[in-house]
Amino acid sequence: METETAQEASGGPATGAVPVTDGEESLSNGQSLLGETLAVWGDIELFLSGLLLPNRIIQVLIIVGLVLVAHVISRWVRLKVTRWLRTREGWPLWQMRFMAICNQRWRSIIFVGLLWLTLEVMRTVTWPSRSYLIGHFAVLATAWLVISIAGRLIRNRSLRKPTVWIAWILVTLHVLGLWEYFLNLLDAASVTLGATRISLLIVFQALLAIGVLLAVAHVLSKFVARRIDRSDDISPSIKVLSVKLIKLGLYSVAFVIAIQAIGFDLTTLTVLSGAIGLGLGFGLQKIVSNLVSGVILLMDKSIKPGDVISTGDTFGWISDLGARYASVVTRDGTEYLIPNEDLITRQVVNWSHSTDLVRLEITFGVSYDCDPHLVRRVAVGCLEGLDRVMSNPAPVCHIIAFGDSSVDYILRFWISDPSKGLSNVRGNAFLAIWDAFKANGIGIPYPHRDVRIIDAVSAPRPTGQTR
């Protein structure tokens, strides 16, 4: 009996020990969560009751007064700085952006400066306890201001606001001395699934680690992408493929590191990966097909950003090659998102695949009374000096048929900028031909039809027909 008691006291195994069930563990977690909540609420009540002390009330009034003073001064400063910024020329873009961000926050900047100035004065002329609240609020306001300015580095607006708000809350908890209570509260809110314990603290750490590492991966990918874009030795398609592979690799490494940093065992994802593979085989066939087609397009260089293509009724140039689709912009500004699979399986005309030179043709007919040698010389000569028409290879004109009422010709010429359109240069060529033919007396025939009206009374009727 004494041995059993000693073993139980020392935490060792005892014959009569009762194992802890899941229900008892859940009850223990609930009691711990309630205890941490009550502890936090007690500290908040103590802090609020401390604000009713005379010296604390005075400090609160001083802070409110500084807010009003900062509001008045900031309106005058913002007006002056705005006028001054309008006269600045030649500044770098980042410098102008930083000044614009600061110009929107003069009230906070002035308020923080007044807080620290007031704090130094009060610490000099009175006891530190008389400026205790002002000191904490100065630190808190400074942190809020720094987070607000740093948050502007996040370009995505939907991501910027949650990030800034979460940072404000965490800094506030740390300054008010509630950080440990907050962590204990998150750790107490937990559930146990078999041998795995999942708490809000673990989820919070995972999200924080993933967010920070993904942000670092995003910055690194942007830096590498700029370096690759500046290289003239890499083709546009290989640039796009390299940037996408680097982004995928960096994001994958960041996610794996973040998961392992919180102690998550990746071997438990084997079953999940099998389910994902099965889902890809059945439900995501089109998506996977487009992804693979996009990689093929980038590797074989058949289509690359900047190419002028036509597929079906769509004619335009490729502005971007994505993982799932290609963005084609037409002459009227319409942007078509064509799946990569369609560019592989359908017929696509790439007007600038191996060269930017494109040959255009226009046909016309002239009267039989005109000298064909003169017609050919005039047709070719009228294109000399015409905008966008190349002189080498030179335009050529040939007779292609003797029609019913005209001699038919074909005029061929070359351009080197198909992205600027085809119909407009054809239209200019037709106008040049029209003016040149008018100046040289070359006629363009058109069908003539004679209409004869036969009198129904005098017209002979077929034999045997009566009225």
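The structure contained in this document is the topic of the report that follows. (Residues numbered from 1 in each chain as written. Predicted model: local features only at pLDDT ≥ 70, side-chain atom pairs only at ≥ 80, totals over all residues. Heavy atoms only, no water.)

Looking now at the overall build of the protein. Helix and strand counts for the protein stand at 15 helices and ten strands. By residue count, 28% of the 467 residues in the protein fall in the buried class. Total accessible area on the protein is roughly 31,000 Å²; 63% of this is exposed by carbon and sulfur atoms. (Helix = DSSP H or I, 4+ residues; strand = E, 2+ residues; numbered from the N terminus. Buried < 20%, exposed > 50% of the residue type's maximum accessible area, 1.4 Å probe, protein only. Areas by Shrake-Rupley, 256 points an atom, 1.4 Å probe, with all protein chains shown as cover.)

Right, let's talk about the nonpolar core for a bit. Within the largest apolar cluster, 26 residues are counted, with the highest numbers of intra-cluster contacts made by Phe-364, Val-366, Val-375, Leu-411, Phe-413 and Phe-437. Counting only elements with at least two residues in this core, the list comes to β8 (358–366), α14 (372–381), β10 (407–415) and α15 (423–440). By residue number, the principal contributor to this core is α15, which donates six residues. Ignoring anything within four residues of it in the chain, the contact list for Phe-437 reads Phe-364, Val-366, Val-375, Val-378, Ala-379, Ile-442 and Ile-444. Listed in part, the 19 residues of the second largest apolar core include Val-81, Leu-114, Ala-138 and Ala-141. (Core = buried A, V, L, I, M, F, W, Y, C linked by side-chain atoms within 4.5 Å. Contact = heavy atoms within 4.5 Å.)

Describing two packed helices takes the angle between their axes plus the distance from one axis to the other. α15 packs onto α14 with a crossing angle of 135° between their chain directions and a minimal axis gap of 9 Å. By the angle class used here, α14 and α15 are oblique. In this structure, α14 meets α15 at a crossing whose hand is right-handed. Contacts between α14 and α15 involve Val-375, Val-378 and Ala-379 from the former and Ala-436, Phe-437 and Asn-440 from the latter. (Axes fitted to C-alpha atoms, helices over the stretch in contact; angles between N-to-C directions. Parallel < 35°, antiparallel > 145°, perpendicular 65-115°, else oblique. Left-handed = near helix turned anticlockwise from the far one by under 90°.)

Now for the sheet that holds β8. Strands sit in the order β8-β10-β9 across an open sheet of three strands; the sheet is antiparallel. Looking at the sheet topology across the chains shown, the edges are occupied by β8 and β9 (396–402). Strand-to-strand twist across the sheet, computed as the mean angle between neighbouring axes with direction ignored, equals 25°. Relative to β10, β9 is paired through six bridges, and the arrangement is antiparallel. Bridge pairing in β10 links Val-396 to Arg-412. (Pairing = 2+ DSSP bridges.)

A separate point is unusual backbone geometry. The general pattern is negative phi for most residues beyond glycine and trans for most peptide bonds. The step from Asn-392 to Pro-393 runs through a cis peptide bond, and the omega angle for that step is 0°. Tracing the backbone shows Pro-393 in the loop between α14 and β9. The backbone of Arg-388 shows a phi angle near 80°, a positive value even though the residue is not glycine. Relative to the elements of secondary structure, Arg-388 occurs in the loop between α14 and β9.

Another aspect to go through is the side chain of Thr-118. Here Thr-118 lies in helix α5 (residues 106–125). Aside from chain neighbours lying at most four places away, what touches Thr-118 is Ile-62, Leu-66 and Ile-134.

Let us look at α5. Taking 1.5 Å of rise per residue, the 20 residues of α5 would be expected to cover 28 Å, and the 28 Å separating its terminal C-alpha atoms lies within 8% of that figure. What α5 keeps buried is the set Trp-106, Ile-110, Phe-111, Val-112, Leu-114, Leu-115, Thr-118, Leu-119 and Met-122. (Expected span 1.5 Å × (residues − 1).)

Inspection of every chain in the model, using the stated rule, returns three salt bridges. With a closest N to O distance of 3.0 Å, Glu-361 and Arg-359 form a salt bridge. Looking at Glu-361, the relative accessible area reads 33%, which means it is partly exposed. Residue Arg-359 is classed as partly exposed on the basis of its relative accessible area, which comes to 40%. In this structure, the salt-bridge partner of Arg-412 is Glu-361, at a minimum N-O distance of 2.9 Å. With Arg-412 in strand β10 and Glu-361 in strand β8, this pair connects stretches of sequence that are 51 residues apart. Judged by relative accessible area, Arg-412 falls into the partly exposed class, the value being 26%. In the salt-bridge network here, residues are joined through shared partners; they are Arg-359, Glu-361 and Arg-412. (Salt bridge = Lys/Arg side-chain N within 4 Å of Asp/Glu carboxyl O.)

Running from N to C, helix α6 (residues 132–150) and helix α7 (residues 157–175) cross one another at 160°; their axes reach a closest spacing of 10 Å. Judged on the interaxial angle alone, α7 and α6 are roughly antiparallel. In this structure, α6 crosses over α7, and the sense of that crossing is right-handed. Contact residues: His-136, Val-139, Leu-140, Ala-143, Trp-144, Ile-147 and Ser-148 in α6; Val-164, Ala-167, Trp-168, Val-171, Thr-172 and Val-175 in α7. By residue class, the composition of the contact of α6 with α7 is ten nonpolar, three polar and no charged. (Nonpolar A, V, L, I, M, F, W, Y, C, P; charged D, E, K, R; others polar.)

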